[in-house]
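Each chain, letter by letter, is given below.
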Amino acid sequence: MIGPLRAELLKQRSTPTVLALLAAMFALVGLAIALHVLTPAASALATRSDQLPSFEVGTRVGMLFAALVGALAITAEFRYGTIRPTFLVTPRRTPVITAKLAVSALTGLAFGLVATGLMAGAVSVALAARGIDNQLTSSDYLRLLAGGMAAAALWATIGVGVGALIRNQVSTLVGICAWLLLVEHLIPSDVARYTPGNAGLALAIQASHTQLAPSVSTLAVGALALPLYAAAASVIGWRATLHRDAV
């Protein structure tokens, strides 16, 4: 198991795509700050409920790019044919998939920390610069960072599972982007709160659209739902890899 882990860590460190995704994430966070904090009128950001959507953007961006990193970890190998020597060196496929899940989750933690921390810091500075009172507390910031990291790590494993199942790189990446950026926003709110994206947001922030019921906290929703989604995606991807040729 140590060998596949070392190999996967080396692939993640030496792949320029990971750095490109990190740069793109910085750019997207900057755009989100301009749209959500600098553009609206000050009166539209006066209350806690008005400010929460700006802070949650960092969590959603972190989940998105962590999922892309996880998907690329497996689909790039199928696209360029490096999966064949990988399975020749390690004929048992379970350690390979396990290593990809573990390293992708670790990378997802880093992406979640950067995205959530950058967005939280930038929004705070922007609110202060505009003379708007920040309604979030220190415990809110702690939950943002911890929950954002956890959500991104779990979404990275979802990316690996989806990529192992679909295999086609373009289809996988487009599907993940479409789901998080479009599809979940089109689903009725009573159903959308159960989706993987909103479950990830529920880990990081207390918002009405992720509330399961008045008596159930959003943290409980995310802590229960998102690990189940991640586990299901991982198992499905693992089984698909076991029962299909490395072509």
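Scoring rules and cut-offs
- Residues numbered from 1 in each chain as written.
- Predicted model: local features only at pLDDT ≥ 70, side-chain atom pairs only at ≥ 80, totals over all residues.
- Heavy atoms only, no water.
- Helix = DSSP H or I, 4+ residues; strand = E, 2+ residues; numbered from the N terminus.
- Rg over C-alpha atoms; globule rule 2.2 N^0.38 Å.
- Contact = heavy atoms within 4.5 Å.
- Lys, Arg positive; Asp, Glu negative; His and termini not counted.
- Charge placed at Lys NZ, Arg CZ, Asp CG, Glu CD.
- Buried < 20%, exposed > 50% of the residue type's maximum accessible area, 1.4 Å probe, protein only.
- Axes fitted to C-alpha atoms, helices over the stretch in contact; angles between N-to-C directions.
- Parallel < 35°, antiparallel > 145°, perpendicular 65-115°, else oblique.
- Left-handed = near helix turned anticlockwise from the far one by under 90°.
- Nonpolar A, V, L, I, M, F, W, Y, C, P; charged D, E, K, R; others polar.
- pLDDT = per-residue confidence, 0-100.

## Remarks on the overall build of the chain
The secondary structure content of the chain amounts to 10 helices and 0 strands. The N-to-C order of helical and strand elements in the chain reads α-α-α-α-α-α-α-α-α-α. Taking 247 residues into account, the globule formula puts the C-alpha radius of gyration at 18 Å, and the chain, at 19 Å, falls close to it. Seen through its C-alpha atoms, the chain measures out along the principal axes to roughly 60 × 35 × 30 Å. Within the chain, contacts between residues at least 6 apart in sequence are counted, and of these 80% link residues at least 24 apart. Computed over 16 positive and 9 negative side-chain charges, the inter-centroid distance for the chain is 14 Å.

## Thoughts on the side chain of T107
Assignment of secondary structure puts T107 in helix α5 (residues 93-129). Not counting chain neighbours up to four residues away, the residues in contact with T107 comprise Q12 and V69.

## As for the environment of L201
Among the structural elements, L201 can be located in helix α9 (residues 196-204). In this structure L201 comes out as buried when scored by relative accessible area, which is 0%. Taking the C-alpha atoms as reference points, L201 and A151, 50 residues apart in sequence, are found 7.4 Å from one another.

## Some points on the packing of helix α3 (residues 48-80) against α5
Viewed as axis vectors pointing N to C, α3 and α5 meet at an angle of 155 degrees, and their least axial separation amounts to 8 Å. One element, α3, and the other, α5, form an angle in the roughly antiparallel class. Here α3 runs over α5; the crossing is right-handed. Residues belonging to the contact of α3 with α5 are distributed by class as follows: 15 nonpolar, 11 polar and 2 charged.

## Considering α9
The buried count for α9 comes to 9 of 9 residues, which makes it a mostly enclosed element. Those residues of α9 lying buried are P196, G197, N198, A199, G200, L201, A202, L203 and A204.

## Section: the confidence of the model for the chain
Low-pLDDT portions of the prediction should not be read for the details of their coordinates. Residues of the chain with pLDDT of at least 70 account for 93%, and the chain-wide mean is 84. Averaged pLDDT values for the elements of the chain fall to 75 in helix α1 (residues 2-14) and rise to 93 in helix α6 (residues 138-166). Contacts from residues 209-216, a stretch scored under 50 in pLDDT, to residues over four places away or in other chains number 20 contacts.

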